Amino acid sequence: MIKLENVSKIFNKKSNPIVVFDNLNFEIEMNKFISILGRSGSGKSTLLNLIGGIENPDKGNIYIGNNNITKLNRDSLAKFRNEEIGYIFQKFILEPSLSVIDNVVIPLVIRGVDKKEREKKAKEVLMFLNLEDRINEKVCNLSGGEQQRVCIARALIGDANIILADEPTGNLDYERGQEVLKYLKKISLDGKSVILVTHNKDDAYKYSDYVYEINDGKIINRTKIGDENENS
Ligand SMILES: Nc1ncnc2c1ncn2[C@@H]1O[C@H](COP(=O)(O)OP(=O)(O)O)[C@@H](O)[C@H]1O
Ligand SMILES: [Mg+2]
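Residues numbered from 1 in each chain as written. Chains lettered and ligands numbered in written order. Predicted model: local features only at pLDDT ≥ 70, side-chain atom pairs only at ≥ 80, totals over all residues.

A. Region of the structure containing the overall build of the protein. For the protein, the count of helices and strands is eight helices and ten strands. Here the C-alpha coordinates of the protein stretch approximately 45 × 40 × 35 Å along the principal axes. Looking at the 232 residues of the protein, the share that counts as buried comes to 41%. Residue pairs in contact within the protein that sit at least 24 positions apart in sequence constitute 67% of those at least 6 positions apart. (Helix = DSSP H or I, 4+ residues; strand = E, 2+ residues; numbered from the N terminus. Buried ≥ 20, exposed ≤ 12 C-beta atoms within 10 Å, placed from the backbone. Contact = placed C-beta atoms within 7 Å.)

B. Highlighting the sheet that holds strand β5 (residues 67-68). Spatially, the four strands line up as an open sheet ordered β2-β1-β4-β5, and their pairing is antiparallel. Edge positions in the open sheet fall to β2 (18-28) and β5, since each of these has one partner strand only. Examined bridge by bridge, strand β4 (residues 59-64) and β5 share two bridges and lie antiparallel to one another. Bridging across to β5, I64 finds its partner in N67. Taken strand by strand, helix α1 (residues 44-51) contacts β1 (2-11), β2 and β4, and its axis lies near 120° from that of β1. (Pairing = 2+ DSSP bridges. Axes fitted to C-alpha atoms, helices over the stretch in contact; angles between N-to-C directions.)

C. Seen up close, the nonpolar core. Core analysis: the biggest nonpolar cluster contains 59 residues, and V104, A153, L164, A165, L184, V194 and I195 have the highest contact counts within it. When residues in this core are grouped by element, the largest group, six residues, is from helix α6 (residues 144-156). Contact partners of I195, with chain neighbours within four places excluded, come to I34, I36, L48, I51, L164 and A165. (Core = buried A, V, L, I, M, F, W, Y, C linked by C-beta atoms within 7 Å.)

D. Just the site of ligand 1, in detail. As a matter of local geometry, ligand 1 sits amid F11, N12, I18, V20, G38, S40, G41, S42, G43, K44, S45 and T46. Looking at the shell around ligand 1, the elements with two or more residues in it are β2 and α1. Among the elements that line the shell around ligand 1, the one with the most residues is α1, at three residues. (Near = placed C-beta within 6 Å.)

E. Focus on the environment of K138. With respect to the helices, strands and loops of the structure, K138 is situated in the loop between α5 (115-128) and α6. Spatially, the C-alpha atom of K138 lies 42 Å from that of T223, the residues being 85 residues apart in sequence. Dropping the residues within four chain positions of it, K138 is found in contact with S97 and S99.

So this is what it looks like as structure tokens:
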């Protein structure tokens, strides 16, 4: 389970407070494809950042499995992020001057894995994403869809159990976007948790096991795909 318990998150506490979450309780199953659907400003990215340990809540607890990540110190939290979380952003945050493989291995460099092992693992994930022909290409020479697949490869290389994707198709045309979502689906069918943040209802309902709708910092609807609307 991934569980947020009485979580509050407030930005700009001193000057002009923005309350994104006020006592949010939210629980999702692991090893599923989950979509978080909502309009711009509803709190989707903040929710993902809280789950990924990038933001700290002002109040409450966040459990990933049996781990209460709000209780981890800085080093343990960094280790948790490196080992348990693969993050895919809307804007491809890649080193444009480096090759595909040198971008993809970064999480394993941080982990201190030796070169031979890193490259072996990189080739596996690049094969999975049909990028094996582009392995030594500089990232700046790739198309948008290819760059996003490099980001996915980098999120996968560490064997993280949880893949967080924040509007990963936002910069892609329709076809390339669908390709990326199909890879995310394949990853979830491989037994990983995929949490997709999107404002696209069709994408959410097409690929997910569960769709959660968020509005103004509140979960307003939960739909299990294939079932009646549970409205809890
Ligand atoms: N670092 C930040 N500092 C101040 N306000 C922020 C910050 N991050 C997000 N917000 C505010 O929190 C609210 C939710 O933002 P966000 O989670 O990014 O929404 P979404 O991803 O659904 O568009 C918005 O009002 C946004 O302006
Ligand atoms: Mg966002």
